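# Descriptive analysis of the structure
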Amino acid sequence: MTRILADLPDEDIRWLDQLAVEQGKSRAAVLRDAVTAYRPHAPDDWIEKGFGAWQSRDDIGDAVDWQRRERAASTRPWDPDYEATRAEFPDLFDANDDREHEAHKAWLAEQGGKSGKLDKPKKKRQKK
């Protein structure tokens, strides 16, 4: 192990000594712990640590079904797939959502659009 010399403000040394007493360690041990905690780990370390973290969860049921439901929960009344999503997950929507969906459809009809997007107006040909 290599020994180093570092200059620290007196206030930090007092704090470090107090922390060492509280933890029952030497000042050097506290500094070693701090450097270890501060040092970045391998960039992909978090992937390995998280892989399979939910594999034994039984509170969400089927993971794919859970994920589909989570995504469906962000569907809005003006989204093109609102009706299909509402049919599959009716408990995620209420009467207010349906009113907003109907209002959106009416607005689209006024604008000459179809559900989900507006059609671009066709350019009129000029007669020569």
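Report on the accompanying structure.

Calculation criteria
- Residues numbered from 1 in each chain as written.
- Predicted model: local features only at pLDDT ≥ 70, side-chain atom pairs only at ≥ 80, totals over all residues.
- Heavy atoms only, no water.
- Salt bridge = Lys/Arg side-chain N within 4 Å of Asp/Glu carboxyl O.
- Helix = DSSP H or I, 4+ residues; strand = E, 2+ residues; numbered from the N terminus.
- 1 Å grid on protein atoms, 1.4 Å probe; cavity = no way out; pocket = protein on both sides within 12 Å on 5 of 7 lines; lining within 4 Å.
- Points joined across faces, edges and corners; volume = space filled by probe spheres on them.
- Nonpolar A, V, L, I, M, F, W, Y, C, P; charged D, E, K, R; others polar.
- Buried < 20%, exposed > 50% of the residue type's maximum accessible area, 1.4 Å probe, protein only.
- Contact = heavy atoms within 4.5 Å.
- Phe/Tyr/Trp six-rings, centres within 6.5 Å; stacked < 30°, edge-to-face > 60°.

## Focus on the pattern of salt bridges
Evaluated as defined, the whole model comprises eight salt bridges. Ionic pairing is found between arginine 27 and aspartate 17, a salt bridge with its closest N-O pair at 2.7 Å. Placement of arginine 27 in helix α2 (residues 27-38) and of aspartate 17 in helix α1 (residues 10-23) is noted, with a sequence separation of ten residues between them. For glutamate 83, the salt bridge identified is with lysine 105, shortest N-O distance 3.5 Å. Of the two residues, glutamate 83 sits in helix α5 (residues 82-88) while lysine 105 sits in helix α6 (residues 95-111), which places them 22 residues apart along the sequence.

## Quick notes on the layout of surface pockets
If you add up the space inside the largest pocket, you get close to 520 Å³. If you trace the largest pocket, you find 13 residues lining it, with Arg3, Ile4, Leu5, Ala28 and Leu31 closest to the centre. Residue contributions to the lining of the largest pocket peak at five residues, all from α2. Looking at the lining of the largest pocket, its residues break down into nine nonpolar, one polar and three charged.

## Describing the side chain of histidine 104
By the secondary structure assignment, histidine 104 is in helix α6. Using a relative accessible area of 19% as the deciding quantity, one classes histidine 104 as buried. Excluding residues that lie within four positions of it along the chain, histidine 104 makes contacts with Pro77 and Trp78.

## Concerning the packing of aromatic side chains
In this description, an aromatic ring pair is defined by two values, namely the gap between the centres and the angle between the planes. Scanning all chains against the criterion turns up one aromatic pair. Pairing tyrosine 82 with phenylalanine 93 gives two aromatic rings, centres 5.2 Å apart and planes at 75 degrees, and the pair type is edge-to-face. With tyrosine 82 in helix α5 and phenylalanine 93 in the loop between α5 and α6, this residue pair connects regions lying eleven residues apart in the sequence. For tyrosine 82, a relative accessible area of 2% translates into the label buried.

## Focus: the side chain of threonine 75
Turning to its location among the elements, threonine 75 is positioned in the loop between α4 (63-72) and α5. According to the relative accessible area criterion, threonine 75 is buried, its value standing at 7%. Leaving out residues up to four positions away in the same chain, threonine 75 has contacts with Asp81, Tyr82, Thr85 and Phe93.

Shape descriptors only; they carry no functional weight alone.
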